[in-house]
Amino acid sequence: MSFKKVSLMLIVVIMSMFNIHNVYANARFADVSTSHGSYEEINYLVDLGVIKGYTENGKTIFKPNAPVTRGQVAKMVVEATGNKPLVVQKSSFSDVQVGTELSGYVERAIELGYFSAYSQGKFGPNVPLTRDEMSKVLVSAFKLDAEEFGKLTVPFTDIKPTHAYYKYIAAIYYSGITKGDTTGTKYNATEVVKRSQFASFIARAKNEKYRLDLPVKGVTMPSAEDAIGQVRATTDNLNIRSSASSANNSNVLGKVNTGTTLYLYEVSANGWLKIAYEGRYAYVYKDYAQLIAADGQALSKVNKEVKAVGEVALYKTRDVNSQSMAKFTDDATIKVYGTTGNWYLTEQNGIPGYVRISQTKDIVVEPPKDNNGGQEGSDNGSGEEQPPVVVEPEPEPEQPIQPETPPTLNTKTIGSVTVDGLHIRQSASGSSASLGKMNRGTLVEVHSISGNWANVTHNGVTGYVHKTYLRLINQTGSKIADRIIVIDPGHGGKDPGTTHGKAAQEKEITLKVSNLVKKKLEASGAIVKMTRTGDTYPSLQDRVDFTKNNYGEIFVSIHVNSAGSSAKGTETYYSVTSNDNEKEDFALATAINSQIVKQANMNNRGVKRVDYYVVKGLVVPAILVELGFLSNEEDRNKLTSDKYAEIFAQAIYDGIVEYYSK
């Protein structure tokens, strides 16, 4: 081999070594080069103290391709959201040793609702995290709106709307956190997440700088204003489908029972009704649903038929200024299901609505002819046929529609039933004989309350109902007098909650605002129970038990938030897990959230559903409000201000009064 060839090879080897050195020269980890797809995200999280690597054989490594475990993720999300480990005296899980670093992060992640147990009594800290679990963790930790995003269509063929994690996967997809596999057509929900992948996911969730291009939302969301009417289920376990087909059950989104009312948007020729279900368009078959007009009037049976006089519009409501949804041609037959004022309730091709009586005429029924060719009863003695007598109804003058007069309730306090099928019982016991049932919205007279039972009268029947299922309304005086309201100042004692330096601790802010709310409520006659009145730490279960033991009628938990510095605003939560009073949860959450946004001029992050322990564990209307973000300077200035503490308290008070005023 010539000297020149040897020299050339030596130069190539040296240059190769130089290039390798350059690739890793600025890398923190020996196994994560600067060209690695997750390099920036990994280093971003290292700088925040969210993740660390390993030291092996004198090298610092990250193990980017190793599975990330549930225990590791618990620590990452607690750190990334600005929270601290929770010190406990007794571990909640047999596989997590109390007193260890892992224990503090696991306990905090569980308390914050980021995780649930892996199996009975175990957390599974060494179990690899799967992609479906990952979606829920990120949604819970970074408060992505799963309920709204869950109404949208995702492009993943392996994720059906019935998938248990569908809404969480949709939320991270539409938030620019994932795009699925390399083809963008599959999500691979049960696949294990690698450490480098989770670093990218959590960096994207925390900082918009790292997010993927946001996809165009796949579907529009139904609006009540656009509905052409409603339908009511006439059978139990009625399938709600994502498409107008019953060929198989892969398109079943859920089931509803008899009496469930859904907004109607379209009636197809093949019998399918396009409706709204959990915020998205869906379908039910017409044979299992009763049509209801937009104003709530049901179409049960045909009373008679009339003819259209000229072209007659089918109106959405009993108002000529409402939407005209269809037209009857001249002399068309119109089926009449009911009469209200100057309007007939009817339908055309399955679309319910109203026509004006003055634009119709009764159908004349010709008497049968006798054997002589005349009409029976038409001979006036002279042999002349008499024309049939038709009495046209005199058109009534147009009058404004008067609301139905509610029953007169003579007691100072009345109750509005909050659920369907509520028993009125002979005595104050769930095992007592039922005297009848009442549905949501029924009003009852309330004579007295003892513990959880209210002595009431409805339609002349006097008995007892569990007050958990009544919204108690004072007809005179203060709307909240004698109402038992539980206020829960978040955190406390050994648990400071989120912090910003030494001067701002969540536990202090929540207690200050809660005390002001208590003062305002009591001044209006409410009975206020506080889960803590000082710097103590009642457990989450303690707070639930406290509410039940004190016969609480509503529960309001007050917190402040923390995330990246750009996140700001007020958001209010109620439970994901369905309970009998979820509509009341929503009403209370909406009233309080709206008042805070308006009075404190906060960014409105909306009313959302998350299974926080304290709201999930209660059936009475229960909400958790996050006043603002301590991690955001604008919000923090308000949260630490005495002036705004008063404003927040007044807004919560006004929200509660608003709830009891409806």
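So, here's what we can say about the structure. Every value quoted in this text rests on a predicted model; they were computed, and no experiment measured them.

### Let's talk about the overall build of the protein chain
Phase 1: Secondary structure summary: the protein chain contains 14 helices and 32 strands in total.
Phase 2: Relative to its 662 residues, the protein chain shows a buried fraction of 48%.
Phase 3: Partitioning the contacts of the protein chain with sequence separation of at least 6, the portion at a separation of at least 24 is 67%.
Phase 4: Of the roughly 32,500 Å² that the protein chain leaves accessible, carbon and sulfur atoms contribute 49%.

### Focus on the packing of aromatic side chains
Phase 1: Scanning the model with the defined rule gives 15 aromatic pairs in all.
Phase 2: Taken together, a centroid distance of 5.6 Å and an interplanar angle of 40° make the contact between F156 and Y187 tilted. Of this pair, F156 sits in the loop between α6 (146–149) and α7 (166–174) while Y187 is found in the loop between α7 and α8 (195–206), placing the two residues 31 residues apart along the sequence.
Phase 3: With a centroid separation of 6.3 Å and 50° between ring planes, the pair formed by Y644 and F648 is classed as tilted. Within this pair, Y644 and its partner F648 are both found in helix α14 (residues 642–660), separated by four residues, close to a single helical turn.
Phase 4: Classification of F648 as buried rests on a relative accessible area of 1%.
Phase 5: Positioned above the aromatic ring of Y54, the side-chain terminus of K63 is 4.3 Å from the ring centre.
Phase 6: Looking at R195, its charged tip hangs above the ring of F62, at a distance of 4.3 Å from the centre.

### Some points on the pairing of strand β5 (residues 252–256)
Every regular strand shows the same layout, with side chains that alternate between the two sheet faces.
Phase 1: For β5, a buried count of four out of five residues is recorded, marking the element as mostly surrounded by other parts of the structure.
Phase 2: Of the pairings in the sheet, the one linking strand β4 (residues 238–241) to β5 comprises four bridges and is antiparallel in character. Looking at β5, one finds that I240 is bridged to G254.

### Concerning the side chain of K638
Phase 1: Mapped onto the elements of the fold, K638 is located in helix α13 (residues 633–639).
Phase 2: At 4.3 Å, E634 is the nearest oppositely charged side chain to K638, a buried residue that forms no salt bridge.
Phase 3: Other than its neighbours up to four places away in sequence, K638 contacts A600, N601, M602, Y644 and F648.

### Quick notes on empty space enclosed by the protein
Phase 1: One pass over the structure, following the stated rule, counts two cavities of 30 Å³ or more.
Phase 2: Within this model, the largest cavity holds a volume of roughly 310 Å³.
Phase 3: Along the walls of the largest cavity sit 26 residues, with L112, H491, H559, Y612 and E626 positioned nearest its centre.
Phase 4: Every element with two or more residues in the lining of the largest cavity is listed here: α10 (540–549), β29 (554–561), α12 (613–616) and β32 (622–629).
Phase 5: Per-class residue counts for the lining of the largest cavity are nine nonpolar, 10 polar and seven charged.
Phase 6: Lining the second largest cavity, in full, are K467, T468, L470, R471, L472, R483, E553, I554, P621, Y659 and Y660.
Phase 7: Every element with two or more residues in the lining of the second largest cavity is listed here: β24 (470–474) and α14.
Phase 8: Take the lining of the second largest cavity: its biggest share by element is three residues, from β24.
Phase 9: In the lining of the second largest cavity, the residues fall into six nonpolar, one polar and four charged.

### Topic: helix α2 (residues 39–48)
Phase 1: Burial analysis of α2 places seven of its 10 residues in the buried class, the great majority of the element.
Phase 2: When we look at burial in α2, the residues that qualify are Y39, E41, I42, N43, Y44, L45 and V46.
Phase 3: Looking one or two residues past α2, G49 carries a phi angle of roughly 80°, positive in sign.

### A word on the packing of helix α11 (residues 582–599) against α14
Phase 1: Interhelical geometry of α11 versus α14 gives an angle of 145° and a closest axis separation of 8 Å. Seen from above, α11 lies across α14 with right-handed handedness. Seen from α11, the contacting residues are E584, A587, L588, A591, I592, Q595, I596 and Q599; seen from α14, they are I647, F648, Q650, A651, I652, D654, G655, I656, E658 and Y659.
Phase 2: Along the lines of polarity and charge, the residues of the contact of α11 with α14 split into 11 nonpolar, four polar and three charged.

### Topic: the environment of D535
Phase 1: With respect to the element layout, D535 can be found in the loop between β28 (527–530) and α10.
Phase 2: As a C-alpha pair, D535 and H491 span 44 residues in sequence and 8.9 Å in three-dimensional space.
Phase 3: If near-sequence neighbours (up to four positions away) are discounted, D535 is found in contact with G492, G493 and K507.

### A short note on the nonpolar core
Phase 1: Ranked by size, the top nonpolar core spans 59 residues in total, and within it F115, M134, L138, F198 and I202 carry the most contacts.
Phase 2: Those elements that provide at least two residues to this core are α2, α3 (70–80), α4 (101–111), α5 (131–142), α6, α7 and α8.
Phase 3: Considering every element that reaches this core, the biggest residue donor is α7, with eight residues.

### Focus on the pairing of β29
Phase 1: Among the eight residues of β29, eight are classified as buried, and the element is accordingly described as predominantly covered.
Phase 2: A two-sided burial pattern is seen for β29, the buried positions comprising I554, V556, I558 and V560 on one face and F555, S557, H559 and N561 on the other.
Phase 3: Judged from the five bridges that link them, strand β25 (residues 484–489) and β29 form a sheet pairing that is parallel. Looking across to β29, one finds that V486 is bridged to F555.
Phase 4: Relative to β32, β29 runs parallel, the two being bridged by six bridges. Note that in β32 the partner of V556 across the bridge is I623.

### Digging into unusual backbone geometry
Phase 1: Backbone geometry at K143 places phi at a positive 55°, although glycine is not the residue there.
Phase 2: In this structure, K143 sits in the loop between α5 and α6.
Phase 3: Taking the relative accessible area as the measure of exposure, K143 reaches 12% and is therefore buried.
Phase 4: The phi dihedral of N349 falls on the positive side, at around 55°, and the residue is not glycine.
Phase 5: Taking relative accessible area as the criterion, N349 reaches 66% and is therefore assigned exposed.

The rules behind each value
- Residues numbered from 1 in each chain as written.
- Predicted model: local features only at pLDDT ≥ 70, side-chain atom pairs only at ≥ 80, totals over all residues.
- Heavy atoms only, no water.
- Helix = DSSP H or I, 4+ residues; strand = E, 2+ residues; numbered from the N terminus.
- Buried < 20%, exposed > 50% of the residue type's maximum accessible area, 1.4 Å probe, protein only.
- Contact = heavy atoms within 4.5 Å.
- Areas by Shrake-Rupley, 256 points an atom, 1.4 Å probe, with all protein chains shown as cover.
- Phe/Tyr/Trp six-rings, centres within 6.5 Å; stacked < 30°, edge-to-face > 60°.
- Lys NZ or Arg CZ within 6 Å of the ring centre and 35° of its normal.
- Pairing = 2+ DSSP bridges.
- Lys, Arg positive; Asp, Glu negative; His and termini not counted.
- Salt bridge = Lys/Arg side-chain N within 4 Å of Asp/Glu carboxyl O.
- 1 Å grid on protein atoms, 1.4 Å probe; cavity = no way out; pocket = protein on both sides within 12 Å on 5 of 7 lines; lining within 4 Å.
- Points joined across faces, edges and corners; volume = space filled by probe spheres on them.
- Nonpolar A, V, L, I, M, F, W, Y, C, P; charged D, E, K, R; others polar.
- Axes fitted to C-alpha atoms, helices over the stretch in contact; angles between N-to-C directions.
- Left-handed = near helix turned anticlockwise from the far one by under 90°.
- Core = buried A, V, L, I, M, F, W, Y, C linked by side-chain atoms within 4.5 Å.

The analysis is restricted to geometry; functional conclusions fall outside its scope.
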